[in-house]
Structure formats: structure tokens, C-alpha cells
Amino acid sequence: MDGRDRGGAASAAGDAAWMRRALDLAERGRGTVSPNPLVGCVLVAGDEIVGEGWHAAAGGPHAEVVALRAAGERAAGAVVYVTLEPCAHIGRTGPCVDALLESGVAEVVAALPDPNPTAAGGADMLRAAGVAVRLGVLADEAAQQNRVFLHNLATSRPFVVLKSAVSLDGRIAAADGTSRWLTGNAARERAHRLRAQVDAVLVGSGTALTDDPRLTVRLPDQAATQPLRVVLDGRGRVPATARVFDGEAPTLLFTALGAASATRRALGEKIEARSVDVVAVPTAPGGALDVHAILTELYRREVRCLLIEGGATVAGSFLRAGLVDELVCHLAPLLLGERGRPLLTGDLVGTLAEAWRFEPVDVEVVGPDVLLTLAPADRPQSVPDPPAAPVAADRHTSP
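Structure report, in brief. Quantities reported herein were computed from a predicted structural model and do not represent experimental measurements. (Residues numbered from 1 in each chain as written. Predicted model: local features only at pLDDT ≥ 70, side-chain atom pairs only at ≥ 80, totals over all residues. Heavy atoms only, no water.)

### A closer look at the overall build of the protein chain
Along its length, the protein chain carries 12 helices and 16 strands. Among the 399 residues that make up the protein chain, the fraction classed as buried is 48%. For the protein chain, restricting intrachain contacts to residue pairs at least 6 apart in sequence, the fraction spanning at least 24 positions comes to 71%. Summing over all exposed atoms, the protein chain offers an accessible surface of approximately 18,100 Å²; the carbon and sulfur share of this is 52%. (Helix = DSSP H or I, 4+ residues; strand = E, 2+ residues; numbered from the N terminus. Buried < 20%, exposed > 50% of the residue type's maximum accessible area, 1.4 Å probe, protein only. Contact = heavy atoms within 4.5 Å. Areas by Shrake-Rupley, 256 points an atom, 1.4 Å probe, with all protein chains shown as cover.)

Given below as C-alpha cells:
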């Protein structure tokens, strides 16, 4: 009997419950699977979970394989709930379709079809072998969870998150430049957890000089893989003694073509120690570094999700270029007045019709602060079509 005929509304509720468990499992891989997608899997026999797993690291076993190993012989005849269509190609590991067929599962329910043509086709292979397949259970939730991966496939550039901490009147610092600490301890811990989930953290030279940030992940309850630290310094102003060059994590400095030689000389020892790399990029009209060239180079270095923690100038550059994919705003319950330093500077918007508009994705109270997660109002809400040309992949890996 086809799974779509099993129990109507009750079956739909059960499907949603098992898939939600798979989504929860997939979330455990956040911060460790890049450039692969987040994937969770649950095997169900009757009303009992007989095996479950998630993709924990790029190059490691896939969620389906982990769940099948946990289930053992109980996988035969089970229903598989997985957040992404099982892969049908050989990457650093074998095809999940083969493992599913060998185990004798009866049905596979997937939230999303795989948009990567290199890895896609698993559903068709399963159906051809007599396994029932359904797609689309909690598809919107799965697409939101894997928005970075889907964005990478659709655009071939990093997913850009702009993080800010602002007062109720939109100021990021007081008139004298002080900004520590605008938000509370809980918000600062949340900011570190966000760093742990991305591939790189970026600031401009102004922030590097004023705040001297370390840009590392410092969490009380876990050791985290440190993201790449990225500094935009077109004129070579940041000294070699800055903490962002301390060797605690790799650092990539972008500078202008004309400043590259002097910058490399100033950072000579750091470069020789392989803790710092310097890349020269063209400048855009007005003298700012070309943000498109920066994202192209970061993507080449397998940065799939970029967190911007820079000040008003850097934020404005990426917004003006239409390159902000998510805005994370920590709103502090205080007022700093008109002399406080604004989130954005420059003549960016002339009339209300030109305003950058965002839509709320999530609203949360974090200690005394409010955390807003927003997406551009014109962002596509549906799963993007697969790219026309195949891309090299490690399972579902983006290019």
C-alpha cells in the first residue's frame, strides 16, 4: 500500500512528527558540515524509532548510513524519514541509495529533493527498485534549515549574514565611540554561537582599529572550530600587533592592489608563520574594496556562510551591492540620542520608496535584549531550481 493512503490526517501528523525529529537531528551538524548540507534521518517501524542519525562532518558518513547502522536488521521493512533526498552518486562516501536498497527499507519520505544535479536522482533509483518514495513533507522548514546550501547552489557565492547590535534609536555606539557593552551577556554568548556556525567572520579596518577584536569563538561549554577571520583594509592601516593577527585562528586580509606590497612587508612574520594571508583585490568606484571580488575569493576558499561584524561603512557596502542575505539584529533597551553613531552612514537612501526592506524570520527575547532575524523582503521563498550545469560534489556539496 502506498504511504500516501495510510490513515489520512493521522498519517500526515505522524509524517510531520517523524520529519521534525529528523530536522532536529540535522541541526546537530550545524557548524561542522560545511560545505555540505544539514541532513537528519529517522527509521520508523510501526510507531517506534529503530534507528536515527545525522550528517556530522563533511567527508563523514551520511545521515542515512548512520541511521541504518543504528537500526541493523530492524531496518528491513522500515519507513525512512530524511530531510534531503538520498544521494545517488559516489563522492568521498558511497551512494546512500545503495545502502538503503541493501537494508530492505519499505519506503523513503524526504522533505526536499536534492537540488544538486550531481547528487540528485536517488528518488528515481529507489522507485525503480520498488521502494515507495514521497517528497515534500515539511519542505518549507527543511528549506529554511538548509538556506545556506540552497543559496550556494543557486548563486555560487557565500550566504552573507550581517550582524548588528543597536540601541532602540538605531545607534551602534555612543558619541565618543564606546560600544562595549551595548548588549547583555546572553546576547554576547549568542553572538559567539553564531560565529561557531559560519565559515568566516569579516570586519573592516575601522572596527579592527577601534575595537581590536579577536573574532574568535569563545564559548563556556564547548570547543569550537574557529572560523576564518577576514579583515578589509584597503590602505594597510591595521598594525601587525592587532589581535586579529594573533595566530589563534587563520586570518585573511584583503587590501587594494596598490597597498599589497607594503601590507605584506608589514605582516611579513605573520605571513611566514602561515597565520595570515594577504589578497589584493580591485577597488570599486569611490575607492572601497570590490565586495564582489571579495566574495568570489572567499567562495573559492570554501567559505559558504560569511558573518559580517563590521561597522557602518562595511555594512553599507554590502547592503548597497545587494549582497546581504540575512540580518541578525540585537536590539538593546537603551537610547543613545542623535549624536550616537548610526548603523549605516552615507547617502544611501533618498526616499522611503528606496528603503531596504526586510521580513521577520524569528523574534526572540535574549536576556534584556531582543534578537531579530530578518530576510530581505524580495528573497525567493521557494526552493530554487537546480543549476543548469552539474557541479562537483561531496554528496550534496555545493561548488
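### What about the sheet that holds strand S12 (residues 305-308)?
Pairing in this open sheet of nine strands is mixed, and the strands run S11-S10-S9-S8-S12-S6-S13-S16-S15 from one edge to the other. With partners counted over all chains shown, the strands left at the sheet margins are strand S11 (276-281) and strand S15 (358-366), one partner each. Across this sheet, the average inter-strand angle for adjacent strands is 20 degrees, counted without regard to direction. Across three bridges, strand S8 (residues 200-204) lies against S12 in parallel orientation. If you follow Ala 200 over to S12, its bridge partner there is Leu 306. Running at roughly 125 degrees to S15, helix H7 (residues 185-196) makes contact with strand S6 (159-166), S8, S12, strand S13 (326-331), S15 and strand S16 (369-376) of the sheet. (Pairing = 2+ DSSP bridges. Axes fitted to C-alpha atoms, helices over the stretch in contact; angles between N-to-C directions.)

### A short note on the pairing of strand S9 (residues 228-232)
Counting buried residues in S9 gives five out of five residues, a clear majority hidden from the surface. Side-chain alternation along S9 places Leu 228, Val 230 and Leu 232 on one buried face and Arg 229 and Val 231 on a second face that is also buried. Summarising the sheet, S8 and S9 pair through five bridges and their orientation is parallel. Directly across from Gly 204, in S9, lies its bridge partner Leu 232. Bridge analysis of S9 against strand S10 (residues 251-256) gives four bridges, and the strand direction is parallel. What sits directly across from Arg 229, in S10, is Thr 251.

### Examining the sheet that holds strand S4 (residues 107-112)
Sheet architecture is open: five strands sit in the order S2-S1-S3-S4-S5, paired in mixed fashion. The open sheet is flanked by strand S2 (48-54) and strand S5 (132-135), the only strands paired with a single partner. Within the sheet, the average angular offset between the axes of one strand and its neighbour, ignoring direction, is 15 degrees. Sheet topology places strand S1 (residues 40-45) next to S2; six bridges connect them, and they run antiparallel. Bridge pairing links Gly 40 to Trp 54 in S2. Taken strand by strand, helix H2 (residues 63-71) contacts S1, S2 and strand S3 (79-84), and its axis lies near 140 degrees from that of S2.

### Focus: the nonpolar core
Core analysis: the largest hydrophobic core is formed by 41 residues, its most contacted members being Met 19, Leu 43, Val 80 and Val 108. By size, the runner-up hydrophobic cluster in this structure holds 28 residues, among which are Ala 200, Leu 202, Leu 289 and Ile 294. (Core = buried A, V, L, I, M, F, W, Y, C linked by side-chain atoms within 4.5 Å.)

### Looking at helix H11 (residues 291-300)
Every buried residue of H11 is accounted for by Val 291, Ile 294, Leu 295, Glu 297, Leu 298 and Tyr 299. Its side-chain oxygen at 2.9 Å from the backbone nitrogen of His 292, Asp 290 defines the N-terminal cap of H11. Where H11 ends, the next residue or the one after it, Glu 302, has phi of about 65 degrees, a positive value. (Polar contact = N/O pair within 3.5 Å; in protein donor to acceptor, adjacent residues only side chain to side chain.)

### A short note on the environment of Gly 40
Within the secondary structure layout, Gly 40 lies in strand S1. Remark: the alpha-carbon pair of Gly 40 and Ala 63, spanning 23 residues in sequence, is separated by 5.4 Å. Look past the residues within four positions of Gly 40 in its chain and what remains in contact with it is Ala 22, Leu 25, Ala 26, Gly 53, Trp 54, Ala 63, Tyr 81, Val 82 and Thr 83.

### What to know about the side chain of Ser 164
One can find Ser 164 in strand S6. Not counting chain neighbours up to four residues away, the residues in contact with Ser 164 comprise Leu 327, Val 328, Cys 329, His 330 and Leu 343.

### Thoughts on the pattern of salt bridges
All chains considered together, the criterion is met by 18 salt bridges. Residue Asp 15 is joined to Arg 134 by a salt bridge in which the shortest nitrogen-to-oxygen separation is 2.6 Å. Pair noted here: Asp 15 is in helix H1 (residues 8-27) and Arg 134 is in strand S5, with a separation of 119 residues, a long-range link. Using a relative accessible area of 5% as the deciding quantity, one classes Asp 15 as buried. Residue classification places Arg 134 among the buried positions, given a relative accessible area of 9%. (Salt bridge = Lys/Arg side-chain N within 4 Å of Asp/Glu carboxyl O.)

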